[in-house]
Amino acid sequence: MEHILKKLEALRQAALQGGGEKRIEAHHHKGKLTARERLEVLLDPYSFEEWDMFVEHRCHDFQMEDNKIPGDGVVTGYGTIQGRQVFVFSQDFTVFGGSLSETHAEKIAKIMDKALQVGAPVIGLNDSGGARIQEGVESLAGYATIFQRNVLASGVIPQISVIMGPCAGGAVYSPAMTDFIFMVKHSSYMYVTGPDVVKTVTHETVSHEDLGGAVTHTQKSGVADLAFENDIEALLEVRRFFEFLPLSNREPPPFKETSDSPDRVDLSLDRLVPMNSSKGYNMKNLLTKVVDEEDFYELQPDFAANIIIGFGRMAGETVGFVANQPLVLAGCLDIDSSRKAARFVRFCDCFNIPIVTFVDVPGFLPGISQEEGGIIKHGSKLLFAFAEATVPKITVITRKAYGGAYDVMSSKHLRGDVNFAWPSAEIAVMGSRGAVEILFKKDLKNKEKIDAYTQEYGEKFANPFVAASRGYIDDIILPHTTRMRICRSLKMLKNKIIENPWKKHDNIPL
C-alpha cells in the first residue's frame, strides 16, 4: 500500500506541476495565470472537485511515448460559484502548449456530458495552441466530439467561453457555439487562420492582435461579448455575470434579495426624453434607473452600439433588456444590431428569462451597403426571435416607433404581453415630414401647405393615443412610474404559459 501511495503522490505532484517551473515562470512573465490558478479565482474556495488528473495521451509517434504529463494539458471538474454548481475546464498552456489531443478532448467531453445530465452550466477557460499535430486525425476527431456536445447543450445549459490565450483554427468553433465569449486584452486572440497563413494566401500583413485580438472581436466582428484587462478581472467578472443566469432550462433564473423597492419612482425620468424629437439622449440612463440597485450588466457595449443588450434584476428576478440607443445612428436598426439583439433574445427565451424592451427607433438604417449586406434577412432575425419567444415580454415605447421597426421591437402584434408607451411616444409609419412629402407630392413647392400638413400629421401620430385606442398599447404611463409598472407586470406574468406549435426545430433566417 505504501508503494501505491507514493506513486499516487508522485503522479499528483506531476499533474499539479504541469509543464514545469520554467514554463510556469514564462507564463507568469506574460502576466497570465496558470490553468489551476485561474480555477482558484473563478470558483468558490475549496469547492473544486477535479476529474481525470491522471489521464495521459496515447500517442506513440514522434517520441511522444516518452513525453507524458498527467492531465494532458487540461484541468477538468466541477465546483461552485456563490454556492451554485458549475462544470469547468481550464486548458494548460504549459503542457504541450495546451494543444488538444484525443484524451484532452475526452476529458472535456466527459464533464460536458455530466453537466447536461445534472443540469449545470459549463465554463471553458481556453488557452491552447490548437490541435496536437503529432496525433493527426485523432486530435481533429476530438474537436468534433466537443462541437457535437456544444450543439446538444445549446439551450439546455448555459455555456460560457473565456478566451485567455491563443484560440486558433478549429479551436474557435467550440467557443463560437457557446452562449457568451469573454476575452482578455493583449493576451488572447481568436482566428480561423493566423497572420502567417493570411500573408501567404492574401499577401496581407497583420498582427495577431489586429487579426483576432480582443478589441477586434468586441468592436468590429461582434464575436466576443466583453474584453477585460487581465486574467483576474476577467474571472471575477465571469463570477458576477454567472449570478444572473439559471443553471439550466429546467430551472427559473436566480433570485437575489434586494432592498430596492419595486414601487420606487424616479422623477428624473420625466425629463429624460428631449422636447425636440430630433435630439438624442442616453438610453442607458433609463436602464440603470429602472433595474435593482442600478446594477445593469451590459453585453457587447462596443459593437452595434445603436442597440443595448444586457441583464438586470427587477424585484430580485433576472431580466433581459433590449433597448434602442438614440445616441448612435439615432437608434436605427441595422444588420449588426439586429444580429446582436436577436441572439440575446433567443438566449433569454431558451432559459426562461423575461424580456423588457425599450423602444425609440426611427426605422431600419437606409443605404446601399445595408441592402447589399442583407438587411432584409438580418433584420428578420430579430423579428423572428421576438415573435418566437414565449417568455414574459414587456415593451415600453419611450419616443419613436416608426415603420416595420415598430413591429419588430416586441410589439403587441408579436405576442407582446404588456405594451406601455410614455406620453412622448410617436407611433407611425414614418416621421411627419417624410410622410407628408409622400402623401402630398403635388404640394411640395407650397411650403405653407406642407407645414400645415406636417403639423396635422404630427398631431395625429406624434403621440400614443391612436395606438392606445386600438389596444396596441395597454396603457400610457408616466415615465417616473416605469420601474413600478414593469415590476407589477412581471409579477402578474410569473406563471405565464404559452406554447408554440410542435416542430422538430424552426428555420430562423440565418
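None of these values were measured; they are calculated from a predicted model. (Residues numbered from 1 in each chain as written. Predicted model: local features only at pLDDT ≥ 70, side-chain atom pairs only at ≥ 80, totals over all residues. Heavy atoms only, no water.)

Draft legend 1. Highlighting helix 12 (residues 335-350). The end-to-end C-alpha distance of helix 12 is 23 Å, a good match for the 22 Å that 16 residues give at a rise of 1.5 Å each. Within helix 12, the full set of buried residues consists of Ile-335, Ser-337, Ser-338, Lys-340, Ala-341, Ala-342, Phe-344, Val-345, Phe-347, Cys-348 and Asp-349. Residue Asn-352 follows helix 12 closely and has a positive phi angle near 60°. (Helix = DSSP H or I, 4+ residues; strand = E, 2+ residues; numbered from the N terminus. Expected span 1.5 Å × (residues − 1). Buried < 20%, exposed > 50% of the residue type's maximum accessible area, 1.4 Å probe, protein only.)

Draft legend 2. The arrangement of a nonpolar patch on the surface in detail. A grouping of Met-1, Ile-4, Leu-5, Leu-8 and Phe-54 is seen on the molecular surface, where their side chains present a nonpolar patch of about 520 Å² in accessible area. The residue Met-1 is located in the segment before helix 1 (2-17) in this model. Take Met-1: its relative accessible area is 72%, and that puts it in the exposed class. (Patch = residues over 30% accessible without salt bridge, like charges linked within 9 Å, V, L, I, M, F, W, Y side chains within 5 Å. Areas by Shrake-Rupley, 256 points an atom, 1.4 Å probe, with all protein chains shown as cover. Salt bridge = Lys/Arg side-chain N within 4 Å of Asp/Glu carboxyl O.)

Draft legend 3. The state of the cysteines, seen in detail. Tallied over the entire structure, the rule returns zero disulfides. Just so you know, Cys-348 is unpaired, no disulfide at all, and the nearest cysteine sulfur is the one on Cys-350, 9.2 Å from it. (Disulfide = S-S within 2.5 Å.)

Draft legend 4. The side chain of Arg-84, seen in detail. By the element assignment, Arg-84 lies in strand 3 (residues 84-91). Glu-251 provides the closest opposite charge to the buried, unpaired Arg-84, separated from it by 5.6 Å. At a separation of 2.6 Å, a polar atom in the side chain of Arg-84 contacts the main-chain carbonyl oxygen of Leu-245. Setting aside anything within four residues of it in sequence, one finds Arg-84 in contact with Gly-79, Phe-242, Glu-243, Leu-245, Pro-246, Leu-247 and Pro-254. (Lys, Arg positive; Asp, Glu negative; His and termini not counted. Polar contact = N/O pair within 3.5 Å; in protein donor to acceptor, adjacent residues only side chain to side chain. Contact = heavy atoms within 4.5 Å.)

Draft legend 5. Just the side chain of Gln-300, in detail. For Gln-300, the location among the structural elements is in the loop between strand 10 (297-299) and strand 11 (307-314). Apart from the residues lying within four places of it in its own chain, the contact partners of Gln-300 are Gly-222, Ala-224, Asp-225, Leu-226, Ile-309 and Lys-340.

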